[in-house]
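Structural characterization, general
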Amino acid sequence: MTGPEDREWQAAVGRLLLYYLDAPLAEGCRLRGVLPTAGAVRVAVHAGDDEDGATFLYEIPHDSVAPYYIPGILRTVLSGPRFYSSGDIGEAMGMTVVRLRPEEITPDPEPEQGLALTVLRALSDPGDDENPFLIGFLLLGDGVLRLYVQRPDLPGVAGVDVRLTGSLTALIAAVPSLVEEGQYRRPSADDPHCDVLVDLTDW
């Protein structure tokens, strides 16, 4: 039986990891599931080919780390050999359970695509389908993401360039209001998909 705090954290981990179903967590390692357990979550990862590989359950205790860091922790764990004590190894449903100690693991940094996904998820509100703000995006390289946005009170589409570093949470919150500020706006000469460019790469 899990308590309300466990359930909220487990649900947050599950939502976050949904996006890794379609791409490897690390080379040769694919997400197979997220399982709730008392005081923790177990992330099922299949390593190797479907026929010859094995599925492991990596157990991460509740309150040990914010859900946002879990993909980086898993990338670290999956990137090379690690040693575990016998007390950290178990078995469930025919899979090896590996109990992780996140406080002892330095998470691998989020790749550019993962950072872009964080921004795009935050600006995509499925409850606002009649009047969406984010209507497109393009990874430009060098850590820059162009967001195609349209505010109902402003004419045209704005291409907003953001850098995928620094305080993304503050930037995401500020994008809707910064779109209208004149010091960031310039004509869109080379992008036919927007009417104005908004450069927030130095914000």
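I will try to describe carefully the structure that is included in this document.

What counts, and at which threshold
Residues numbered from 1 in each chain as written. Predicted model: local features only at pLDDT ≥ 70, side-chain atom pairs only at ≥ 80, totals over all residues. Heavy atoms only, no water. Helix = DSSP H or I, 4+ residues; strand = E, 2+ residues; numbered from the N terminus. Contact = heavy atoms within 4.5 Å. Core = buried A, V, L, I, M, F, W, Y, C linked by side-chain atoms within 4.5 Å. Buried < 20%, exposed > 50% of the residue type's maximum accessible area, 1.4 Å probe, protein only. 1 Å grid on protein atoms, 1.4 Å probe; cavity = no way out; pocket = protein on both sides within 12 Å on 5 of 7 lines; lining within 4 Å. Points joined across faces, edges and corners; volume = space filled by probe spheres on them. Pairing = 2+ DSSP bridges. Axes fitted to C-alpha atoms, helices over the stretch in contact; angles between N-to-C directions. Expected span 1.5 Å × (residues − 1).

In this structure, D161 sits in strand β8 (residues 158-163). Leaving out residues up to four positions away in the same chain, D161 has contacts with L140, V144, L145, R146, R186, V198, D199, L200 and T201.

This part takes up the nonpolar core. The tendency in soluble globular proteins is for nonpolar side chains to be buried side by side. Residues L147, V160 and L200 are the most contacted members of the largest nonpolar core, which totals 25 residues. Elements with a minimum of two residues in this core: α3 (112-123), β7 (144-149), β8, α4 (168-178) and β10 (196-199). With 6 residues, α4 is the largest single contributor of residues to this core. In this structure, V160 is in contact with L145, R146, L147, V149, V175, V179, V198 and L200, ignoring residues within four places of it in sequence. The next biggest cluster of nonpolar side chains, apart from the first, holds 22 residues, and it includes W9, V13, V43 and L78.

Each pocket or cavity is described by its volume, and for the largest pocket that value is around 270 Å³. Elements supplying a minimum of two residues to the lining of the largest pocket: α3 and β6 (134-141). Broken down by element, the residue count for the lining of the largest pocket peaks at 5 residues, all from α3.

Bringing the sheet that holds strand β5 (residues 95-99) into the picture now. One open sheet accounts for 5 strands, arranged β1-β2-β3-β5-β4; its pairing is mixed. Edge positions in the sheet fall to β1 (29-37) and β4 (89-92), since each has one partner strand and no second. Each strand of the sheet is rotated relative to its neighbour by a mean of 30°, with strand direction disregarded. In terms of strand pairing, strand β2 (residues 40-47) meets strand β3 (residues 54-61) through 8 bridges, oriented antiparallel. In the strand pairing of β3, V43 is matched with Y58. Packing of helix α2 (residues 70-78) onto the sheet brings it into contact with β1, β2 and β3, and relative to β3 it is tilted by some 130°.

Attention now moves to the pairing of β3. Once β2 ends, the chain turns through 6 residues before running back antiparallel as β3, passing G48 with a positive phi of about 95°. Where β3 and β5 come together, 4 bridges link them in parallel fashion. Bridge pairing links E59 to R99 in β5.

What follows concerns α3. Here α3 spans 17 Å end to end across 12 residues, near enough to the 16 Å set by a 1.5 Å rise per residue. By the burial criterion, the buried members of α3 are G114, L115, A116, V119, L120 and L123.

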